[in-house]
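Residues per chain, in single letters:
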Amino acid sequence: MTLDYLSRLPGVSTRIHNVRGTQQVLTEIYLIGDTKSLLLEDIQVLPGVERVIRVSEEYRILGRHRDEQRAIGFEYNGVPFNQDTLNIFAGLCAVDTPEHTEQMMAALRDHGQVCTRMGAYKPRTNPYAFQGYGKSCLPYVFEQAGRYGIRVIAMEITHEAHLVEIHESLEQAGWPTGVMVQIGTRNTQNFELLKAVGRQQEFPVLFKRGFGITLNESLNAAEYLASEGNSRVVFCLRGVKTNMGDPHRNLVDFAQVPVVKRLTRMPVCVDPSHSVGSREHSPDGILDLMHAAAQGVVAGANMVLIDFHPKPAKALVDGPQAMLMNELSWFLEDIALARECYEKRQALSRQHMAKVATDGGAHRVPD
Ligand code: PEP
Ligand code: MN
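Residues numbered from 1 in each chain as written. Chains lettered and ligands numbered in written order. Predicted model: local features only at pLDDT ≥ 70, side-chain atom pairs only at ≥ 80, totals over all residues. Heavy atoms only, no water.

A separate point is the coordination of the manganese ion (ligand 2). Note on the manganese ion (ligand 2): its protein donors are Cys93 (SG), His274 (NE2) and Asp318 (OD). The metal-donor distances range over 1.9 to 2.3 Å. Read in sequence order, the donor residues coordinating the manganese ion (ligand 2) give the pattern C-x180-H-x43-D. Of the two residues, Cys93 is situated in the loop between strand E5 (87–91) and helix H3 (98–110) and Asp318 in the loop between strand E12 (303–309) and strand E13 (323–324); the sequence distance between them amounts to 225 residues. The class for Asp318 is buried, based on a relative accessible area of 18%. (Donors = N, O, S within 2.8 Å, 3.2 Å for Na, K, Ca; no water. Helix = DSSP H or I, 4+ residues; strand = E, 2+ residues; numbered from the N terminus. Buried < 20%, exposed > 50% of the residue type's maximum accessible area, 1.4 Å probe, protein only.)

So this is what it looks like as structure tokens:
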């Protein structure tokens, strides 16, 4: 009845979007078109309406609009993703051999990790470069993931057909693990791919910012996923192209973690591997990769995507930027320190706010 009424409003069309939370399913009805003359109070009293929000034009679904405190968190295969959690996705940039995949997964299991990255479809700059093993490697990747307790694998796709291949392989293996479909930086504005990935609800999405476009353009592109129905999206910062970033592969953009958390409700990921692109270290002995990852986490990142490889010299893609298996403990401990620092910084900020509120402006500079 409410929907009938809303869809009869002149100059206004409706779009329905179901948000699957951990507790309930929320139906959002978007009124699109000439809505300026509508009064919030008139809509608030319609049956079944819990809340009415006037949203700004940008990032309608993923954006954090005025007075909007609702998080966009979701749980996938038992792993929670939201703006307060932190998940580490260490793994292979590209799957090469079953042995390397297994060594990676065993190390993760030994360190209590339940997420990884495994590239099967690789978008390469050079058409003659290795393009990934594609669907042929999926059976053993999924079987091993199940065996080593991996619950979520971040895996880039470059074509919507890959969704079907992943689904079929998971089905054949008996769904031993979950896949978070990754949209790479080279496909950030591949709108048809975004629409196809947005239309399916099965896999959540790790969406990488475009390396040569503005943040605003990247956020609008992410909104394509949500506008088609999939708002289980994690937004990934991965550096931007500019020679000002040299000698890093890209200019690290992790200062934008809090910006994305403020502008949108998406959890934010940082990818130090594809930002920094090397194993250089500073005189303190800490790899630039680890410095960048820690910077992201200290700024509140909710996910870290990072390349590791048991034998980087044998890796078919991005060996020179891979961290080593015997660096996994060090890396995880370093991240835990950075996270602790972020949590202390949050507490400090709350303490400051409380003090300002009770002081009632006692320290205000006189006019
Ligand atoms: C990757 O994560 O493997 C990758 C290719 O990243 P990006 O799209 O950020 O270059
Ligand atoms: Mn890579």
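Now that the structure has been shown, the text picks up again.
What follows deals with the nonpolar core. Among the nonpolar cores identified, the biggest contains 87 residues, and Phe81, Met155, Ile166, Phe207 and Phe331 are the most heavily contacted of them. Contact partners of Phe81, with chain neighbours within four places excluded, come to Gly73, Phe74, Tyr76, Asn87, Phe89, Val152, Met180, Val234, Pro267 and Met303. The next biggest cluster of nonpolar side chains, apart from the first, holds seven residues, and it includes Leu9, Leu31, Leu38 and Leu46. (Core = buried A, V, L, I, M, F, W, Y, C linked by side-chain atoms within 4.5 Å. Contact = heavy atoms within 4.5 Å.)

What follows covers the packing of H3 against helix H4 (residues 138–147). Two elements in contact, H3 and H4, have axes whose closest approach is 10 Å; the angle formed by their N-to-C orientations is 25°. The orientation of H3 with respect to H4, classified from their angle, is roughly parallel. Crossing handedness for the pair H3 and H4: right-handed. Residues Pro98, Thr101, Glu102 and Met105 of H3 form the contact with H4, whose own contacting residues are Tyr140, Val141, Gln144, Ala145 and Arg147. The residue inventory of the contact of H3 with H4, partitioned by class, reads five nonpolar, two polar and two charged. (Axes fitted to C-alpha atoms, helices over the stretch in contact; angles between N-to-C directions. Parallel < 35°, antiparallel > 145°, perpendicular 65-115°, else oblique. Left-handed = near helix turned anticlockwise from the far one by under 90°. Nonpolar A, V, L, I, M, F, W, Y, C, P; charged D, E, K, R; others polar.)

Turning our eyes to something else, we now look at the site of ligand 1. Taken together, the neighbourhood of ligand 1 is formed by Cys93, Arg117, Lys122, Glu156, Gln182, Gly184, Thr185, Arg186, Lys208, Arg238, Asp271 and His274. Between ligand 1 and the protein, one listed contact pairs an oxygen atom with a side-chain N or O atom of Lys122 at 2.8 Å. At a separation of 2.6 Å, an oxygen atom of ligand 1 approaches a polar side-chain atom of Arg238. Coverage of ligand 1 by the protein chains reaches 96% of its 290 Å² of free accessible surface. Of the residues in the shell around ligand 1, the class split is one nonpolar, four polar and seven charged. (Near = heavy atom within 4 Å. Polar contact = N/O pair within 3.5 Å; in protein donor to acceptor, adjacent residues only side chain to side chain. Areas by Shrake-Rupley, 256 points an atom, 1.4 Å probe, with all protein chains shown as cover.)

Looking now at the domain arrangement of the protein chain. Along its sequence, the protein chain is carved into domain 1 (2–44) and domain 2 (74–348). The centre of domain 1, based on its C-alpha atoms, is set 35 Å off from the matching centre of domain 2. At the junction of the two partners, domain 1 supplies five residues and domain 2 supplies nine residues. Around 500 Å² of area is buried between domain 1 and domain 2 when both sides are counted, 33% of it from carbon and sulfur atoms. Put simply, domain 1 and domain 2 have zero salt bridges between them. Scanning the region where domain 1 abuts domain 2 turns up zero residue pairs in polar contact (both at pLDDT 80 or more). Among the elements that make up the side of domain 1 that touches domain 2, the one with the highest residue count is strand E1 (residues 12–20) (three residues). Classifying every residue of the side of domain 1 that touches domain 2 gives no nonpolar, two polar and three charged. (Domains from an automatic or database assignment. Buried area = accessible area lost by both parts, 1.4 Å probe. Salt bridge = Lys/Arg side-chain N within 4 Å of Asp/Glu carboxyl O.)

Another point: the packing of aromatic side chains. By the definition in use, this model includes six aromatic pairs. Measuring from ring centre to ring centre gives 6.2 Å for Phe81 and Phe89, while their planes differ by 45°; the resulting arrangement is tilted. Taking the relative accessible area as the measure of exposure, Phe81 reaches 1% and is therefore buried. Assessed through its relative accessible area of 0%, Phe89 is described here as buried. An angle of 65° between the planes, with centres 5.7 Å apart, marks the rings of Phe308 and Phe331 as edge-to-face. One end of the pair, Phe308, is in strand E12; the other, Phe331, is in helix H11 (residues 328–359), and 23 residues separate them in sequence. (Phe/Tyr/Trp six-rings, centres within 6.5 Å; stacked < 30°, edge-to-face > 60°.)

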